[in-house]
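Commentary on secondary and tertiary structure
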Amino acid sequence: MFRLKRWLNMNRKKVNEDGSLREEYIQQLISDNMPTEMLHKHAQILKNKYEELKHLDETDPEPWPVYTAYDFFTSEEKQQFNPDGTLRAEYVEEALRKGISENWLEEMERRKKIEVDNYNAVSAKHAEQGINFGEEQMQERIASSRTYGQRLKQMAIDLRNFEDVDSLPFDKDTPYW
């Protein structure tokens, strides 16, 4: 389902939802003097690709891990908020005892709910196009965490080479080992 959706999205100016050529695209090809034989061949190639992707999606679907906004909360946020962005009752009680105002807690909750709603909206919009937004975000995080140590080591080398402090990826006082 998702391979085909992505392909249809990429080729939306050329093909209809059933894999046939769009009339506007056919007219463009004709106005570009494409021979009829080539036009039919081109249409068949696109239709074959459509059928191949449809078959693959039906017989060998891609894995689609589901990530929620909660999966991207920091550990501190997970202690403060529920998955829907509302504040946890125990956190509210503790915060009020510490003197944090009720208005500030309401504002924190409002902001987090907006963040969750935005994540859900973007995720749904991407899913319509066959893109797993949560998976992309998680892969970016994983890649960033893998390169963190490498960037620290490179920064140590850059400092020894008297590179401009503004060009460093971290503050120059960041400990590196």
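No experiment lies behind these values; they were computed from the predicted model shown.

Quick word on the pattern of salt bridges
Pairing of side chains with opposite charge becomes possible as their charged atoms draw close. Under the criterion given, the structure shown has nine salt bridges. Here Arg111 makes a salt bridge to Glu107, at a shortest N to O gap of 2.8 Å. Of this pair, Arg111 and Glu107 are both found in helix α6 (residues 102-128), four residues apart, which corresponds to roughly one turn of the helix. Given the relative accessible area of 48%, Arg111 is considered partly exposed.

With respect to helix α3 (residues 36-59)
Look at α3: 34 Å from first C-alpha to last across 24 residues, which is about the 34 Å you get at 1.5 Å a residue. If you check which residues of α3 are buried, you get Leu39, Leu46, Tyr50, Leu53 and Asp57. At its buried positions, α3 is contacted by α1 (2-10) and α2 (23-31).

Some points on the packing of helix α5 (residues 89-97) against α6
In a pair of packed helices, the angle between the axes and the distance between the axes together describe the arrangement. Two elements in contact, α5 and α6, have axes whose closest approach is 10 Å; the angle formed by their N-to-C orientations is 145°. Considering how the two elements wind past one another, α5 and α6 form a crossing that is right-handed. From α5, Tyr91, Val92, Ala95 and Leu96 reach across to α6, where they touch Glu102, Leu105 and Met108. Its residues assigned to classes, the contact of α5 with α6 shows six nonpolar, no polar and one charged.

A word on the nonpolar core
By size, the foremost hydrophobic cluster in this structure holds 14 residues, and its most contacted members are Phe73, Leu87, Tyr91, Leu105 and Met108. Taken together, the elements giving at least two residues each to this core come down to α5, α6 and α7 (133-160). Per element, the largest residue contribution to this core is four residues, and it comes from α6. The contact partners of Leu87, leaving out residues within four places of it in the chain, are Gln80, Phe81, Asn82, Val92, Leu105, Met108 and Glu109. Ranked by size, the runner-up nonpolar core spans twelve residues in total, among them Leu4, Leu8, Leu29 and Tyr50.

Quick word on the packing of aromatic side chains
How two aromatic rings sit relative to each other is given by the distance of their centres and the angle of their planes. Summed over all chains, the structure comprises six aromatic pairs. Ring centres 5.7 Å apart and planes at 45° place the aromatic pair Phe72 and Tyr119 in the tilted group. Of this pair, Phe72 sits in the loop between α3 and α4 (75-80) while Tyr119 sits in helix α6, and the two are 47 residues apart along the sequence. A residue is classified by how much of its surface remains accessible, and Phe72, at 15% relative accessible area, is buried. Pairing Phe73 with Phe81 gives two aromatic rings, centres 6.3 Å apart and planes at 75°, and the pair type is edge-to-face. Of the two residues, Phe73 and Phe81, both sit in the buried class. Here a set of aromatic residues connected by ring pairs shows up, and it is made of Tyr67, Phe72, Tyr119 and Phe133. Looking at Lys112, its charged tip hangs above the ring of Phe81, at a distance of 5.4 Å from the centre.

Looking at the environment of Thr68
Secondary-structure assignment places Thr68 in the loop between α3 and α4. Sequence separation between Thr68 and Asn120 is 52 residues, and the spatial gap between their C-alpha atoms is 7.5 Å.

Some words on the side chain of Lys112
Inspection of the secondary structure puts Lys112 in helix α6. Judged by relative accessible area, Lys112 falls into the buried class, the value being 4%. One polar contact links Lys112 to Glu115, side chain to side chain, over a distance of 3.0 Å. Apart from residues no more than four positions distant in its own chain, Lys112 is found in contact with Phe73, Glu77, Phe81 and Gly85.

Cut-offs used in this document
Residues numbered from 1 in each chain as written. Predicted model: local features only at pLDDT ≥ 70, side-chain atom pairs only at ≥ 80, totals over all residues. Heavy atoms only, no water. Salt bridge = Lys/Arg side-chain N within 4 Å of Asp/Glu carboxyl O. Helix = DSSP H or I, 4+ residues; strand = E, 2+ residues; numbered from the N terminus. Buried < 20%, exposed > 50% of the residue type's maximum accessible area, 1.4 Å probe, protein only. Expected span 1.5 Å × (residues − 1). Contact = heavy atoms within 4.5 Å. Axes fitted to C-alpha atoms, helices over the stretch in contact; angles between N-to-C directions. Left-handed = near helix turned anticlockwise from the far one by under 90°. Nonpolar A, V, L, I, M, F, W, Y, C, P; charged D, E, K, R; others polar. Core = buried A, V, L, I, M, F, W, Y, C linked by side-chain atoms within 4.5 Å. Phe/Tyr/Trp six-rings, centres within 6.5 Å; stacked < 30°, edge-to-face > 60°. Lys NZ or Arg CZ within 6 Å of the ring centre and 35° of its normal. Polar contact = N/O pair within 3.5 Å; in protein donor to acceptor, adjacent residues only side chain to side chain.

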